[in-house]
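Breakdown of the fold
Okay, here's what each chain looks like letter by letter:
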Amino acid sequence: MKFYISTTGIKRLTISSAGASKASPATRRISGRTVLPLVLVLALILPFLFVRIAFIVLESATACSSTLDCIGWRFFSGSDESMLREELTRALLEAKDGKVDNNEKGIESFNQLVQEMTLKQQDVKAFAFKTKAMLSRMEHKVQSARQRESIYWHLASHGVPKSLHCLCLKLAEEYAVNAMARSRLPPPEYVSRLSDPSFHHLVLLTDNVLAASVVISSTVEKSANPEKLIFHIVTDKKTYTPMHAWFAIHSIQSAVVEVKGLHQYEWSQEVNVAVKEMLEIHRLIWGQYYKNLKEEDFEYDGEHKRFLEALSPSCLSLMNLLRIYIPELFPDLNKIVFLDDDIVVQHDISSLWELDLNGNVVGAVVNSWDGDNCCPGRKYKDYFNFSHPIISSNFDHNRCAWLYGMNVYDLEAWRRANITETYHHWLKLSQESGLTLWRPGIIPPALIAFEGHVHHIDPLWHVAGLGSRSPEVPRDILEAASVIHFSGPAKPWLEIGFPEVRGLWNKHVNSSNKFVRKCRIMG
């Protein structure tokens, strides 16, 4: 035995014996350079072979009578993949055309599906049908849950929060015990301004004290000439006392506020009869719509939201319906700006009173800030029944509806055009036509009554929809808008209001007021 040693250590070992025949030393050497690549190759190939054989054996258990028969021709062949793909495609197409009974109790989870397929060793077709049935049931459950969530969401928008009810009770109590809360509104020295056309007159019809305070405080704060503002608040008998108490105690230094209850108006018998008739027809339309609703009408998200909105109590609200009687409410005024109680004024709106309506009755936003050909709200087809010949022959279903909530009214032009009479004419026509001309609400008959009398104003005067689901108005548009409108169920004073836009309203709430703090208005 001979060792060959170098300075770096043992490089190789040569073994020889005396009786052995002479051979080349190279054939008796084991080199590390040869063994290492061989080990690496085997380490890569063996796991692949193991997995491949295991897959074929498992698949052969159901596809072949004999495992050995299958392995022999499929081991080095890729045709099994194409066959499996074709079989799966065929099974999926059959499952697509097949009917699924969602009421039949079946597999509810993927784990159950895998367990059943493994135990029963079912084929691909059975797997496709069971998967389709499981997904169909899950889809039905998700859709049903969304519908219920939307219904609960709308129901939440109909109630009066405990905090607002508390505020009204506290203010009514204050009206009873505090002489200042009963003081005249406006003070006698300002009464002459209530019909002076040189002032800027704003009208609110509301039974929400907190909302009215936000509208007025935001308008005065942003006004360049607040001393020219005259606010006319009309409310119902129930809310008159707390509304009066709030603005008597928290008087606006620079502006004039008038609070008047409906019980204080002395209308003629003719007007009283017309108002009662209007309320009754709106109730009949609402009842007819409700009676004709079917469960399948709520099948699609976009549709059932519209149905729920049409069934909202606001459709029958007296304060909403009386908008059509603004000329009768203010016989001494000629031009006003009407504001909803769910708006916030962000910039000076004084120039609205200088706006030339070109002989029209109402100035309103008709085109969207997103483009002249876009509607800011909805189209006529969203309000009217175009399957009825009276509607289809008179109106275009793709016409944009103008926005309610912030409007300039020329009351003289209103009276000349007989807008209120036209409104009543169409209400009676709807009653004679089976109450199916439009969906419940104040907007459809108003769109008809003002037809041809609308002046388009800049879209940034009025940006609406902040009370609808997922308001998608860009931040720069929100900041540039003169008036932002929380139209929709999610009012900012409700818990369902959207946090991302609620702050625009909250900052105008008088959070330092003792009644607001006691009733925990801000949570």
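Here the residue numbering is sequential within each chain, running from 1 through the sequence in written order. Reporting of local features is limited, given that this is a predicted model, to residues whose pLDDT is at least 70; pairs of side-chain atoms are given and counted only at 80 or more, and all residues count toward the totals for whole chains, interfaces and linings. Derived side-chain values reflect all non-hydrogen atoms in the structure, with water molecules and hydrogen atoms excluded from consideration.

The name an unreviewed UniProt entry gives the protein chain is Hexosyltransferase, with Prunus persica as the organism. UniProt positions are given in the numbering used here, feature names are shortened, and annotations may be inferred rather than shown by experiment. Per UniProt, the protein chain has the following entry under Pathway (unreviewed entry): "Glycan metabolism; pectin biosynthesis." Reading the Sequence similarities (unreviewed entry) entry of the UniProt record for the protein chain gives the comment "Belongs to the glycosyltransferase 8 family."

What follows deals with the state of the cysteines. A pair of sulfur atoms, both from cysteines and within 2.5 Å, is called a disulfide here. If you walk through the whole model with that rule in mind, you get two disulfides. Each disulfide pairs two cysteine sulfurs, and for cysteine 166 the partner residue is cysteine 519, the sulfurs being separated by 2.1 Å. Disulfide cysteine 166 to cysteine 519: torsion about the S-S bond roughly -70°, handedness left-handed. Of the two residues, cysteine 166 is situated in helix H6 (residues 162-177) and cysteine 519 in the segment after helix H19 (514-518); the sequence distance between them amounts to 353 residues. Each disulfide pairs two cysteine sulfurs, and for cysteine 375 the partner residue is cysteine 400, the sulfurs being separated by 1.8 Å. We count a stretch as a helix when DSSP gives it H or I for four or more residues in a row; a strand needs E for two or more, and each element gets its number in order from the N terminus.

Before going further, it helps to spend a moment on the sheet that holds strand S12 (residues 483-485). Here a strand pair is declared whenever DSSP counts at least two bridges between the two strands. Judged by pairing direction, the sheet is mixed, and its three strands sit side by side in the order S7-S12-S11 without closing on themselves. Each of the sheet's edge strands pairs with one partner strand only, and the pair in question is strand S7 (343-345) and strand S11 (462-463). Pairing between S11 and S12: two bridges, direction parallel. Along S12, the bridge assignment pairs valine 463 with isoleucine 484.

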